[in-house]
Amino acid sequence: MSEYVLETENLGISFGGLKAVQNVNIKIKQNQLYGLIGPNGAGKTTFFNLITGVYLPTEGDFKLCGESLKGKHQEAINHKGIARTFQNIRLFNNMTVIRNVMVGLHNLPEYRCSIFESVLRLPRHFRVEKEMRKKAKELLDIFGLLEERNNLACNLPYGKQRKLEIARALATNPKLLLLDEPAAGMNPNETEELVETIRFIRDKFNMTILLIEHDLKFVSELCDEVTVLNFGTVLCQGKTADALRDPAVVEAYIGK
């Protein structure tokens with residue numbers, strides 16, 4: 001088994017003649033908090049879309065725990081163990097908070113029922129439903145959302161919607177959790193609380209986390225290492241503090 005949870009090899013995609021991402025090589029170890037940063041339009045979300053099956057790479061490869069997932073589509077990649085949140089929150093707004101998390105749990109074999117068992121409301125259906133609800137409550141409790149469990153997702157304030165989306169992704173029991181700008185739109189108190197929550201997730205679940213974030217203070221507090229993208233290519237890689245001081249990185253963010 002590979003020592004790396006995620007490994008990309010010259011990964012890239014072209015749209016017509018435009019190379020949106022090219023020659024990206026990233027290696028992330030188990031239990032690592034890793035950052036993917038860069039100015040707007042650098043290719044960060046495109047990279048996430050490549051390793052979650054939204055886009056199919058036109059060059060290179062990517063591996064999860066040593067297994068190539070190139071060519072697989074979103075559902076298959078999620079079942080293999082990659083889960084994500086989105087830059088723009090995507091919840092089931094007209095479902096309750098707890099039901100949003102239970103949707104993620106349906107991905108796991110231990111919570112699956114046959115159509116026959118569900119339609120006829122056989123004992124296994126009720127047993128699985130009870131177990132799912134218990135697990136969903138445990139996840140909501142981690143994010144301070146247990147008291148909100150019966151509220152509609154659309155009625156949560158913005159910061160709590162962000163947390164709910166992370167809880168739902170975590171419910172799929174991923175090997176790699178991708179967070180696309182998790183602190184976007186949060187106030188300083190919510191952001192600091194999120195830093196502690198992400199650390200707790202990493203430690204409690206032995207989770208490997210890759211995040212995109214524009215808040216460089218947030219990144220420097222959380223991430224061991226970063227890759228900096230600019231115009232779809234790797235500008236800099238290494239320890240977070242070193243990368244953020246790199247003159248080329250400073251120039252990419254604020255200009256000469």
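As the structure is a prediction and not an experimental result, all values here were calculated from the model. (Residues numbered from 1 in each chain as written. Predicted model: local features only at pLDDT ≥ 70, side-chain atom pairs only at ≥ 80, totals over all residues. Heavy atoms only, no water.)

Visitor: Which parts of the structure should I look at to understand helix α1 (residues 44-51)?
Guide: Owing to its 3.6 residues per turn, the α-helix aligns residues three or four sequence positions apart on the same side. Counting buried positions along α1 yields seven of eight residues, so the element is predominantly enclosed. All buried positions along α1 are accounted for by Lys44, Thr46, Phe47, Phe48, Asn49, Leu50 and Ile51. (Buried < 20%, exposed > 50% of the residue type's maximum accessible area, 1.4 Å probe, protein only. Helix = DSSP H or I, 4+ residues; strand = E, 2+ residues; numbered from the N terminus.)

Visitor: Please clarify how helix α7 (residues 188-204) should be interpreted in this entry.
Guide: Here α7 spans 24 Å end to end across 17 residues, near enough to the 24 Å set by a 1.5 Å rise per residue. Considered for burial, the residues of α7 that qualify are Thr191, Leu194, Val195, Thr197, Ile198, Ile201 and Arg202. Packed against the buried residues of α7 are β4 (33-37), α6 (158-170), β8 (176-180), β9 (208-212) and α8 (216-222). Two or three places before Asn189, at the opening of α7, Asn187 has a side-chain oxygen 3.1 Å from that residue's backbone nitrogen. Positive backbone phi, approximately 50 degrees, marks Asn206, located one or two places after α7. (Expected span 1.5 Å × (residues − 1). Contact = heavy atoms within 4.5 Å. Polar contact = N/O pair within 3.5 Å; in protein donor to acceptor, adjacent residues only side chain to side chain.)

Visitor: I tried to follow the pairing of strand β11 (residues 233-239) on my own but got confused; where do I start?
Guide: Each regular strand carries side chains that alternate between the two faces of the sheet. As defined by bridge partners, strand β10 (residues 225-230) adjoins β11 across six bridges and the pair is classed as antiparallel. Looking across to β11, one finds that Glu225 is bridged to Lys239. Between β10 and β11, which pair antiparallel in sequence order, lie two residues; one of them, Phe231, sits at a positive phi of approximately 50 degrees. (Pairing = 2+ DSSP bridges.)

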